[in-house]
Amino acid sequence: MRPFTYERAASPAEAAAAAARNPGARFIAGGTNLLDLMKLQIETPSHLIDVNGLALDRIEPTPEGGLRIGALVRNTDLAADARVRRDYGVLSRALLAGASGQLRNKATTAGNMLQRTRCPYFYDTSQPCNKRQPGSGCAAIGGFSRQLAVIGGSEACIATHPSDMAVAMRALDAVVETVRPDGTTRSIPIAEFHRLPGETPHVETVLEPGELITAVTLPPPAGGVQIYRKVRDRASYAFALVSVAAVVQRDGTARVALGGVAHKPWRVEAAEAEIPRGAKAVTAAMLDGAKPTHDNAFKLRLVERTLGAVLAEAKG
Amino acid sequence: MEAGIGTAVGTAVTTLAGPVAAQAISRESTGLTVRLKVNGTEHDLALDPRTTLLDALREHLHLTGSKKGCDHGQCGACTALVNGRRINSCLTLAVMHAGDEVTTIEGLGTPEKLHPMQAAFVKHDGYQCGYCTPGQICSAVAVLQEIEAGIPSYVTEDLTAAPQRTEAELRERMSGNICRCGAYSNIVEAITEVAGRPA
Amino acid sequence: MKFDTPAGSNPIDQLKVVGHPIDRIDGPLKTTGHAPYAYERHDVVANPAYGYVIGAAIAKGRITAMDVGAARAAPGVLAVVTHENAGPLGKGSMNTARLLGGPEIEHYHQAIGVVVAETFEQARDAAALVKVTYAREEGAFDLAAVRDSARKVEQSASAVGDFEGAFAAAPVQLDQTYTTPDQSHAMMEPHASTAAWDGDSVTVWTSNQMIDWGVTDLAKTLNLPKEKVRLVSPFIGGGFGGKLFLRADALLAALGARAAGRPVKVALPRPLMMNNTTHRPATIQRIRIGCTRDGRITAIGHESWSGDLPGGQPETAVDQTRLLYAGANRLTALRLAVLDLPEGNAMRAPGEAPGLMALEIAMDEMAEKLGIDPVEFRIINDTQVDPGQPDRSFSRRQLVECLRLGAERFGWRNRDPVPGRRRNGRWLTGLGMAAAFRNNLVMASGARVRLDRQGRVTVETDMTDIGTGSYTIIAQTAAEMIGVPLEHVTVRLGDSRFPVSAGSGGQWGANSATAGVYAACVKLREAVAQKAGFNTADAVFAEGQVRAGNRSVSLAEAAGEAGLVAEDVMEFGDLAKRYQQSTFGSHFVEVAVDAHTGEVRIRRMLAVCAAGRILNPKSARSQVIGAMTMGVGAALMEELAVDRRHGFFVNHDLAGYEVPVHADIPHQEVIFLDEVDPISSPMKAKGVGELGLCGVGAAIANAIYNATGARVRDYPITLDKYLDRLPDVA
């Protein structure tokens, strides 16, 4: 961990401004991902802006009938919120599928959205990685890639996004709210928030330097049967091989997002028209153009079977 | 009389000399002064800002009950309670905890006066090498509180109902604490016994 | 004391303390966080500096340049030790690769330096400032690819009768190949050491299973006389074979402390451990079994291939096949290839653990071919003698009893012999079983026992407690022998100033170390009797008194002001040659497999063990359930994934290398058969800590087959290996 200076910010605008003044700055909230990476010098901020003192830890109803989740709401608190459990069960379940009780007590809503990949080559600083060191190459391609992306990857990167929460958020059409260093705010639909790796896998979201997430907003409850199903090698405390977030309506229509398959939570709205034709058809449409490796080709079949399980469960 | 084992054990709690900082945090690249409240006692520590809460406990306060198994949030051996909630103390900076109430395994009970959870772990042999044990016990104490508070888990069948103290719930909730010796079956029995007692 | 004739009646047989399920005496310290581990010795070392280890970034080649200038100049740095300034170093006799590499690099993350600084944070940061340039060389990293180049190893090779002929003539044949992956011990406490020099002598507080091996190899590596080295290791946060040997933490703490001129502590960073230290090597195993139609084995052959660094050792995966089942024609063979992966070495139940993972699937497959129940098939082929030397019998062998009792208690008769037919909602369920077998080893073991003027007993031995319960069973042994309450016994372990013991490994620790304590106690009894004026043979030790006839003397009085001390070593004669000493068991498992996704959940587990006298049923049971848990990991998830291009284990942390968590493990049942084995030692005990692992993986594999109809012969059995063979559920 490189030396850094540390300050506590008192307001979102002040935090964003502090970030603008310090080009090497990072915001820190839960710290569960950032400190992990700082210890390995994968993240090397020269300045930390502690945002825990910002009053962004509330969950409030929106005028439209949805929920506005403060950026600092801890994963445990979001998953346990009575409104989330009742109206956004897929989100509660996805949060609870992630990490451990200890980590969920610290990890925040914004931080979870910004989690970085668990690609083992990203984590091993002796190996080339375009995400960690742009232009150095990708050791994962041709290497051990069982956990990595089957779709949306590039010649530069086949990393996956590790979040469970974000997959549910994608199925729920959440919107990310931010404040920029100049004090202006914006709302970013989650579909546009995470980027595919392309030639610049180190640029993972559309956030600008110094831009701070202040909240994530959920639209009014979608109803239906909400399921989050995570498949992994051990029963808990592990990242997904694949996961499925689904909101299935009585009329048979559904929204489906996938985790563990791409550099971002994966949703193909057009594929959802295939729901009446079953999991195989939906999977074919969602993963059209997939380029799996030898190690992770099984994910295609696993998505299909997991989605089949979810659709069967939704039918009851 | 208790059976003894041969290592003298110090439980020294160090208090660093020096003026009490007027504010919890001063902006310096090194040598921040932090006031930490651990197991009911306040300590003023001069810390490198890079110091994790775990290393502040182990290396500065000599409270080595919180263990460093991985230092990356992958094992749970460092689990401590902060303001009553369990966290991985390896993945948080000490400077971020000025004013917080930190409880470590040493704050739950002592060899002479065990906390009920500690006593249950001894009775059910819920440990072997002992290295993950403090984290398991801190986690177990918090797990029962979390169920009591109605916080659901991934295996809670009905998200809108209050979770129960079933073995499945305990196993899922304890899964952030790895025990390579494999004492899980006994640990769950120990927790179940404590959970069964009247509050 | 020499143990060379079977034990007769002795004071241990009283079983007043031994044999009882006593809570561990170290429990209050461990559960309150007061047991001090190697990195936590604030009680004995004030103000240590911190060492941070640097690992090689290549698997094979040379360091062409090493720039430590920036690290040396970094804040707080006291010393940087590399091959360039470490001075001449030897190599420990137990080490294959050198513990401080450079300029030649033998494996990935081989330690190439340590940076010592005032604080941990400074040392870690400065370590990242060391710039290393390498000349990378080609290496061999893929066992399957170099299989044909492997050389035959005489160790474990055996041939009885005409295997090839008998196999060819057998009416029912099985010829299958199985693979087991590289595995990591992944103990919870990283390898850690605190070193302090006093003149030219060094003390290292460390985490090591075998104190005397560690002293010997640290002295050898530092080119010091052995008496200049002291190791202290009272608490060890798990070992499983990974801490049998001197490792880089101890050497670099010693070198760092010498360079910095003050005590230094070093813990291996978790992400470095899996490539820096040893691992259980991967195997490829070919098993051939020939049977008559009524299920009698006529030919059994087991060959195994593994790899290691030059000068390394094979994984002895075929050993159990020489002894477990009958059959007139037999073949075992080992082949060892050179691989430039990190050093392979012992991990819990080396040999038998991976060997039975293969053999016990093969037995299941053969039983199915024969149409014989798998339990019955094993019973049919039981042998009470070493099949290769029929005049040599087993000291005790209750395999059949373990199988029968296990089958009865587990409800084996409810198993559907046709796989893939039991479905309950989303779950396919199945039962599987396997035999358990592990040889019982004995090792010379010494101890010193003191009786003080208060009648209290103190035992000192360099034996270690790695979670096995050594403190407690040693206290029980001394209490039984001297006739004092357990509370009047103090046990001091893990210090090289104490008599050399068997140490903890190969499941020899409990029986051998308590036998050493027994020997020392026999001597102490003699000294006490003599002091009290009794004939030793007549003296009865009970309730803090020594009695003979109608006279009794309190132990405190007999000890006198000065106290009494006795020391002895238990040495073992040739009983292990005259008799085959082994431990036996059976494992039964019920699994549920998600019909859609293939996720496996273990519903029930039972182990039945026959392992001599059980010294403490509570801690022994814990050893077995812990081993069963490790067996779940081996069956379902554990694999060090090899990057075959660059030669390293890719998933080298506890997020990438998955071991079982709470949610993977159901309630576990263990039954110990009532058994004493007077051939093993005066304790009449045998090892049990490894037996519990042997066979578990195959029992799970067989249960998955029974649930799904998918036979997987390559561990771990992850869902990707059988997803396409699950019944269609669409």
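Residues numbered from 1 in each chain as written. Chains lettered and ligands numbered in written order. Predicted model: local features only at pLDDT ≥ 70, side-chain atom pairs only at ≥ 80, totals over all residues. Heavy atoms only, no water.

Engineer: Could you clarify how one ought to interpret the overall build of chain B in this entry?
Structural biologist: Looking only at helices and strands, chain B features six helices and six strands. Starting at the N terminus and walking to the C terminus, you meet the elements of chain B as β-β-β-α-β-β-β-α-α-α-α-α. Residue burial in chain B is summarised as follows: out of 199 residues, 64% are buried. Long-range contacts, defined here as pairs at least 24 residues apart, represent 53% of the contacts in chain B between residues at least 6 apart. In the form shown here, chain B has an accessible surface area of approximately 6600 Å², with 52% of it arising from carbon and sulfur atoms. (Helix = DSSP H or I, 4+ residues; strand = E, 2+ residues; numbered from the N terminus. Buried < 20%, exposed > 50% of the residue type's maximum accessible area, 1.4 Å probe, protein only. Contact = heavy atoms within 4.5 Å. Areas by Shrake-Rupley, 256 points an atom, 1.4 Å probe, with all protein chains shown as cover.)

Engineer: Got a minute to help me understand the pattern of salt bridges in this structure?
Structural biologist: Side chains that differ in charge, positive against negative, can pair when their charged atoms come close. By the definition in use, this model includes 81 salt bridges over all chains. The residue Arg 267 of chain A makes a salt bridge to Glu 269 of chain A at a minimum N-O spacing of 3.9 Å. With a relative accessible area of 10%, Arg 267 of chain A lands in the buried category. You can call Glu 269 of chain A partly exposed: its relative accessible area is 38%. Linking Glu 352 of chain C and Arg 438 of chain C is a salt bridge whose minimum nitrogen-to-oxygen distance equals 2.5 Å. (Salt bridge = Lys/Arg side-chain N within 4 Å of Asp/Glu carboxyl O.)

Engineer: Would you mind showing me how to read the domain arrangement of chain B here?
Structural biologist: When the parts of a complex come together, some accessible area is lost, and that lost area is often used as the size of the interface. All names here are of chain B. The domain boundaries assigned to chain B delineate domain 1 (28-108) and domain 2 (116-194). Here the C-alpha centroids of domain 1 and domain 2 sit 22 Å apart. Contacts between the two partners involve 16 residues from domain 1 and, on the opposite side, 17 residues from domain 2. When domain 1 packs against domain 2, the two sides together hide about 1300 Å² of surface, and 57% of this comes from carbon and sulfur. Among the residues of domain 1 in contact with domain 2, Arg 86, Ile 105 and Leu 108 are the three that bury the most area, contributing 42% of the side total. (Domains from an automatic or database assignment. Buried area = accessible area lost by both parts, 1.4 Å probe.)

Engineer: Would you explain the sheet that holds strand E14 (residues 283-291) of chain C in this entry?
Structural biologist: In a beta sheet, neighbouring strands pair by backbone hydrogen bonds and run either parallel or antiparallel. Residues and elements named next belong to chain C. Strand order in the open sheet formed by five strands is E8-E16-E15-E14-E9, and the pairing between neighbours is mixed. In this open sheet, the two strands that pair with only one neighbour each are strand E8 (151-160) and strand E9 (172-180). Looking at each pair of strands side by side, their axes are set apart by 10 degrees on average, direction ignored. Taken together, the eight bridges between E14 and strand E15 (residues 297-308) define a ladder with antiparallel strand orientation. Bridging across to E15, Arg 288 finds its partner in Gly 301. The strands touched by helix H9 (residues 352-370) are E9, E14 and E15; relative to E9, the strand with the most contacts, the crossing angle is about 150 degrees. (Pairing = 2+ DSSP bridges. Axes fitted to C-alpha atoms, helices over the stretch in contact; angles between N-to-C directions.)

Engineer: What am I meant to see in the packing of helix H16 (residues 617-636) of chain C against helix H17 (residues 696-708) of chain C here?
Structural biologist: Geometrically, a packed helix pair is captured by the angle between its two axes and the distance between the axes. Residues and elements named next belong to chain C. Contact pair H16 / H17: the axes reach a minimum separation of 8 Å and the direction vectors enclose 55 degrees. In terms of orientation, H16 lies oblique with respect to H17. As for the relative orientation of H16 and H17, their crossing is right-handed in sense. Judged by residue contacts, Met 628, Gly 631, Val 632, Ala 635 and Leu 636 of H16 engage Val 696, Gly 697, Ile 700 and Ile 704 from H17. Partitioning the contact of H16 with H17 into residue classes produces seven nonpolar, two polar and no charged. (Parallel < 35°, antiparallel > 145°, perpendicular 65-115°, else oblique. Left-handed = near helix turned anticlockwise from the far one by under 90°. Nonpolar A, V, L, I, M, F, W, Y, C, P; charged D, E, K, R; others polar.)

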